[in-house]
Amino acid sequence: MFIGRVIGEVVSTVHHDAMNGRKLLIVERLDPDGTSLDETILAVDSVQAGRGDTVLVVDEGGSAALVTGLDNPPIRTVIVGVIDSIDVEE
Amino acid sequence: MHLARVIGTVWATAKVDSLTGKRMLVVQPLTHLLEERGTPLVAVDTVSAAPGQLVYFVKSREAAKALSPTFNPADAAIVGIVDHVTVGGESIFPKE
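Residues numbered from 1 in each chain as written. Chains lettered and ligands numbered in written order. Predicted model: local features only at pLDDT ≥ 70, side-chain atom pairs only at ≥ 80, totals over all residues. Heavy atoms only, no water.

## Describing the overall build of chain B
- Across its full length, chain B holds one helix and seven strands.
- In summary, chain B has a C-alpha radius of gyration of 14 Å against a globular reference of 12 Å for 96 residues, a match within 12%.
- With respect to the principal axes defined by its C-alpha atoms, chain B has extents near 45 × 20 × 20 Å.
- The buried share of chain B, reckoned over its 96 residues, is 46%.
- When contacts within chain B are restricted to residue pairs at least 6 apart in sequence, those whose partners lie at least 24 apart make up 50%.
- When the accessible surface of chain B is summed, it comes to about 4,800 Å², and 57% of that surface belongs to carbon and sulfur atoms. (Helix = DSSP H or I, 4+ residues; strand = E, 2+ residues; numbered from the N terminus. Rg over C-alpha atoms; globule rule 2.2 N^0.38 Å. Buried < 20%, exposed > 50% of the residue type's maximum accessible area, 1.4 Å probe, protein only. Contact = heavy atoms within 4.5 Å. Areas by Shrake-Rupley, 256 points an atom, 1.4 Å probe, with all protein chains shown as cover.)

What follows is the structure, given as structure tokens:
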């Protein structure tokens, strides 16, 4: 899993069935200390994350199937948590 | 998943059976600000996207799951056509 920040959203009405009713957020990858890694990815939300939230993202198909409850969805990047705080030893 | 623009189409009559009847489009991956990033690739189309359209695609093993039967060699699949992209509350697409 990796840490990211929700910076935007993608709206799409014509899409694969697996995406029905799912929110697609733009997530910027972060270093644990919060600095941007200058890379963004689209992730399906499953925890009602909003813009500005620091989130936990999984990027693997099996977990995406588990979280979305779908059988073999064409999805691999899913937001699985909204992070309250991160403590990293210096 | 990543944003991309459809820039072309690929026809290949001689191909593995599991790709028969599947539309293959050339897409240019984009950043969230719609800047080109990385090299164009070929993705199977599951939403009847057309050249010029902004789409999003999934890569690797999950791409094959966008098709049926799911046992196929596709490693990139377009799974949605984009209507809006907002970043930081600002509309990036369509441009106002």
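Read on, since the account is not over.
## Let's talk about the overall build of chain A
- Regarding its fold elements, chain A presents one helix and six strands.
- When the helices and strands of chain A are placed in sequence order, the string is β-β-β-β-β-α-β.
- The C-alpha radius of gyration computed for chain A amounts to 13 Å, which stays within 12% of the reference 12 Å derived for 90 residues, consistent with globular compactness.
- Seen through its principal axes, chain A has C-alpha atoms that stretch 45 × 25 × 20 Å.

## Points about the interface of chain B and chain A
- Opposite the 25 residues of chain B that make contact, chain A presents 27 residues.
- Inspection of the chain B/chain A interface yields two salt bridges.
- Residues B:Glu62 and A:Arg76 are paired through a salt bridge, measuring 2.9 Å at the closest nitrogen-oxygen approach.
- Scanning the region where chain B abuts chain A turns up 16 residue pairs in polar contact (both at pLDDT 80 or more).
- Split into classes, the residues belonging to the side of chain B that touches chain A amount to 11 nonpolar, nine polar and five charged.
- Inspection of the sheet shows strand 1 (residues 2-11) of chain A paired to strand 6 (residues 84-87) of chain B by four bridges, in the antiparallel sense. Note that in strand 6 of chain B the partner of A:Gly8 across the bridge is B:Val87. (Salt bridge = Lys/Arg side-chain N within 4 Å of Asp/Glu carboxyl O. Polar contact = N/O pair within 3.5 Å; in protein donor to acceptor, adjacent residues only side chain to side chain. Nonpolar A, V, L, I, M, F, W, Y, C, P; charged D, E, K, R; others polar. Pairing = 2+ DSSP bridges.)

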